[in-house]
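The residues making up each chain are set out below.
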Amino acid sequence: RPLATTQGIYETNNPDENSPVLITSNFSLTYFIVSGEIETSKVPSWLLIKDTEGLSVMTSWAAGKFVADAIGPFVKKSGIVDKVKHRKLIIPGYIAAESGGLEEELPDWEIMVGPREGAHIPGYLKAWKP
């Protein structure tokens, strides 16, 4: 079994009700890269970590573990709606194909496709508006 980060909501840079919400898989390397880039951005953010059995974004997507019908129920049950005023979810660029399905799963949410590479997260977040 690959190294995995615990599923849940992670806070970076003291987020508030207007901070962006990102989601990624629970592959530990992905978590450390994404959370590190969020921290580097200095943008207060919420990071949702979805249990994908420790698989990377692309591998878990291909295996059907990081797809709209798995992500939607997780977002609803995660408790993030109690923490933010907006309904905007930033998904990894590599699963852009899931945005339509997520709009169906999460009709009250705006699904935003984030960057494909972690190194582009700081620039993306600095341009983000609630």
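Fair warning: this is a prediction, and the values are worked out from it, not measured in the lab. (Residues numbered from 1 in each chain as written. Predicted model: local features only at pLDDT ≥ 70, side-chain atom pairs only at ≥ 80, totals over all residues. Heavy atoms only, no water.)

A. Representation of the pattern of salt bridges in the model. Counting across every chain of the model gives two salt bridges. For Lys85, the salt bridge identified is with Glu17, shortest N-O distance 3.5 Å. Taken together, the positions of Lys85 in the loop between helix 3 (68–78) and strand 4 (88–91) and Glu17 in the loop between strand 1 (8–12) and strand 2 (21–25) put the pair 68 residues apart, joining distant regions of the chain. A relative accessible area of 38% means that Glu17 is categorised as partly exposed. With a closest N to O distance of 3.4 Å, Lys65 and Glu53 form a salt bridge. In this pair, Lys65 is assigned in the loop between helix 2 (57–62) and helix 3 and Glu53 in the loop between strand 3 (45–50) and helix 2, connecting sequence segments twelve residues apart. (Salt bridge = Lys/Arg side-chain N within 4 Å of Asp/Glu carboxyl O. Helix = DSSP H or I, 4+ residues; strand = E, 2+ residues; numbered from the N terminus. Buried < 20%, exposed > 50% of the residue type's maximum accessible area, 1.4 Å probe, protein only.)

B. Quick peek at the pairing of strand 5 (residues 110–113). In this structure, strand 4 lies alongside strand 5, joined through four bridges in parallel fashion. Its bridge partner lying in strand 5, Ile91 is registered against Val113. For the crossover from strand 4 across helix 4 (residues 99–105) to strand 5, the handedness is right-handed. (Pairing = 2+ DSSP bridges. Right-handed = clockwise from strand over helix to strand, strands pointing away.)

Everything listed here is a matter of coordinates, which is why it stays silent on function.
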